[in-house]
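Each chain is listed here by its residues.
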Amino acid sequence: MAGHGFNTSSEMQGADVAVVNTCSFLDSAREEAEQWIRDAARLKRNGGLKGLVVAGCLPALERNRLFEDFPEVDAIVGPRDRLKIADACRAALEKPGRRVSFLGSSDSLVRRLHPRAVSTGRHTAYLKIAEGCNNGCSYCLIPRIRGDMVSRSMKSLVDEASLLAKCGIRELSLIAQDTTNYGVDLRGRPRLALLLKRLSRVEGIDWMRLLYTHPAHWSDEIMDAFAGIPELCKYADVPIQHVSDRVLRLMRRRTTQSSLIGILEKIRSTIPGISIRTTVMVGFPGEGEREFTELLGFLKYFRFDHLGAFVYSREENTVAMRLPHQVPEKVKEERLHRIMELQQEISRSRNAALVGREVTILVDSVEASATRGVGRTEGQAPEIDGVVHVSGAGLRSGQFLRVLVEGFNEYDLFGKTLS
Ligand code: SF4
């Protein structure tokens, strides 16, 4: 949009056209997206907007219904068509009432270098290395919404990383629905380790972080990359979802309890000091008290550094929707609460052990006085993990600092700069 002469703002008030970028992965996400569309539609009816564009996954799932339900929507743009956002905005402004759809562009659009503006601050950015997923977990709508996995070419990713580094980006978080499978559609086998090596040569990128790995697709090559690439943060995001063999089979996760334990222990033992994040889902159909206790016991034993827990959401058009033994909502919530309570204890004791230690942080934001700021260690990913609150003199966002940890709470650390 910036390249097409638009100024962007995160506020709808005062804008000519609103783009509602949507997620439709869960019922709750669709509800939230529709609430935003309703708000924008109301603003448009009252003359506060000239155009309304809906982008992202909701148009991919509900292409017909969106125009029917929201007469104020001028254009829709699918998840693989984001280079058409500016065209959609222009159409909404110049041809009001003519409803335009940009849906289903070819994969080549996914593969090539995308011009982009960084929306995450000036020193950290996400790098999307692939789009779509072939894993077919029984509860998940993503393959239906986003299609099969399409990896971007290594060249386009290195070019994009170089462009970002020139704009001042120092940390890259690699994302995809399954980063560990990167390249399987290009040369018939995963090529993440090679991609990491190539990206590490991009001048100016000091930290690279791997998000959304799949436990079934970790390889020795990826583990070796941690030893050979100093820029690769000692951080692994490995969503396990569950540990009960029965539940994993019903989830179609391509893992078993023993394969999960094997890979997680190998990651911890071959990459000393690594922080491991996981995600688990409670209340999946067939998860009885016995299976849940198995999960709780494993979390207590393995003590993940970071954990996200979610309740299973019964989504239409998924295999899991038709499974028997659905778990009542009240039970799901109670299990979620038990898991979060446990993780708070683990996180607190892990943070307590860091008091008195020196850590390196990347400063994300600084108060006007430049004496207080917030940063992250290599073991803390942006937006999802805890942070380090730091005090010192002359702090600048985007700088790396050595910090002495002096305090903690469940999720965050507190410290002062070391001169
Ligand atoms: S790996 Fe992730 S995105 Fe792919 S089907 Fe499973 S849950 Fe969905």
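Structure: above.
About the cut-offs
- Residues numbered from 1 in each chain as written.
- Predicted model: local features only at pLDDT ≥ 70, side-chain atom pairs only at ≥ 80, totals over all residues.
- Heavy atoms only, no water.
- Phe/Tyr/Trp six-rings, centres within 6.5 Å; stacked < 30°, edge-to-face > 60°.
- Helix = DSSP H or I, 4+ residues; strand = E, 2+ residues; numbered from the N terminus.
- Buried < 20%, exposed > 50% of the residue type's maximum accessible area, 1.4 Å probe, protein only.
- Lys NZ or Arg CZ within 6 Å of the ring centre and 35° of its normal.
- Axes fitted to C-alpha atoms, helices over the stretch in contact; angles between N-to-C directions.
- Parallel < 35°, antiparallel > 145°, perpendicular 65-115°, else oblique.
- Contact = heavy atoms within 4.5 Å.
- Core = buried A, V, L, I, M, F, W, Y, C linked by side-chain atoms within 4.5 Å.
- Salt bridge = Lys/Arg side-chain N within 4 Å of Asp/Glu carboxyl O.
- Polar contact = N/O pair within 3.5 Å; in protein donor to acceptor, adjacent residues only side chain to side chain.

*Asks:* How should the packing of aromatic side chains be read in this particular structure?
*Replies:* Each aromatic ring pair is summarised here by two numbers: the centre-to-centre distance and the angle between the ring planes. Per the stated rule, a full pass over the model turns up 8 aromatic pairs. Centre to centre, the rings of F298 and F302 are 5.7 Å apart; their planes meet at 15°, and the pair counts as stacked. Highlighted residues: F298 and F302, both in helix α13 (residues 289-302), separated by 4 residues, approximately one helical turn. Here F298 and F302 have matching classes, each one buried. An aromatic cluster is present here, built from F298, Y301, F302 and F304 joined pairwise through their rings. The cationic tip of R209 hangs over the ring face of Y235; the distance from NZ or CZ to the ring centre is 4.9 Å. Its guanidinium or amino end placed over the ring of F302, R268 lies 3.8 Å from that ring's centre, counting from NZ or CZ.

*Asks:* When you look at the packing of α13 against helix α14 (residues 329-352) in this model, what are you seeing that I'm missing?
*Replies:* Each pair of packed helices can be described by the angle between their axes along with the distance between the axes. Interhelical geometry of α13 versus α14 gives an angle of 10° and a closest axis separation of 10 Å. With respect to each other, α13 and α14 are oriented roughly parallel. On the side of α13, the interface is formed by E289, F292, L295, L296, L299, K300 and F302, while α14 contributes R335, R338, I339, L342, I346 and R350.

*Asks:* How do you make sense of the nonpolar core when you look at a structure like this?
*Replies:* Looking at soluble globular proteins, one finds that nonpolar side chains tend to be buried together. Grouped together as the largest cluster of nonpolar side chains are 58 residues, with contacts concentrated most on L174 and I339. If sequence neighbours within four positions are ignored, I339 has contacts with V280, V282, F292, L295, L296, L299, L307 and A309. Ranked by size, the runner-up nonpolar core spans 17 residues in total, among them A33, L43, L49 and L66.

*Asks:* Sorry, what's going on with the pattern of salt bridges here?
*Replies:* Where charged atoms from two side chains of opposite charge come close, those side chains can pair. Summed over all chains, the structure comprises 31 salt bridges. As a salt-bridge pair, R65 and E34 come within 2.5 Å of each other at their nearest N and O atoms. With R65 in helix α3 (residues 63-69) and E34 in helix α1 (residues 27-45), this pair connects stretches of sequence that are 31 residues apart. Given a relative accessible area of 15%, E34 falls into the buried group. Note that D305 is salt-bridged to R350, the shortest N-O span being 3.2 Å. Linking D305 in the loop between α13 and β12 (306-311) with R350 in helix α14, this pair joins segments that are 45 residues apart in sequence. Classification of D305 by relative accessible area gives buried; the value is 14%. Within the structure, one salt-bridge network assembled from shared partners comprises E287, E289, E334, R335 and R338.

*Asks:* Sorry, what's going on with the side chain of R376 here?
*Replies:* Residue placement: R376 occurs in strand β14 (residues 372-376). The exposure class of R376 is buried, given its relative accessible area of 1%. In this structure the side chain of R376 is engaged in a polar contact, spanning 2.7 Å, whose partner is the side chain of D364. For R376, the contacting residues outside a window of four places in its chain are T124, E171, W207, R209, T360, I361, L362, D364, A381, P382, G386 and V387.

*Asks:* Would you mind going over the side chain of H214 with me for this structure?
*Replies:* Within the element layout of this structure, H214 appears in the loop between β9 (207-210) and α10 (220-228). Separated by 3.0 Å, the side chain of H214 and the backbone nitrogen of A216 make a polar contact. With sequence-adjacent residues up to four places away left out, H214 is seen in contact with N135, D178, T180, R253 and T255.

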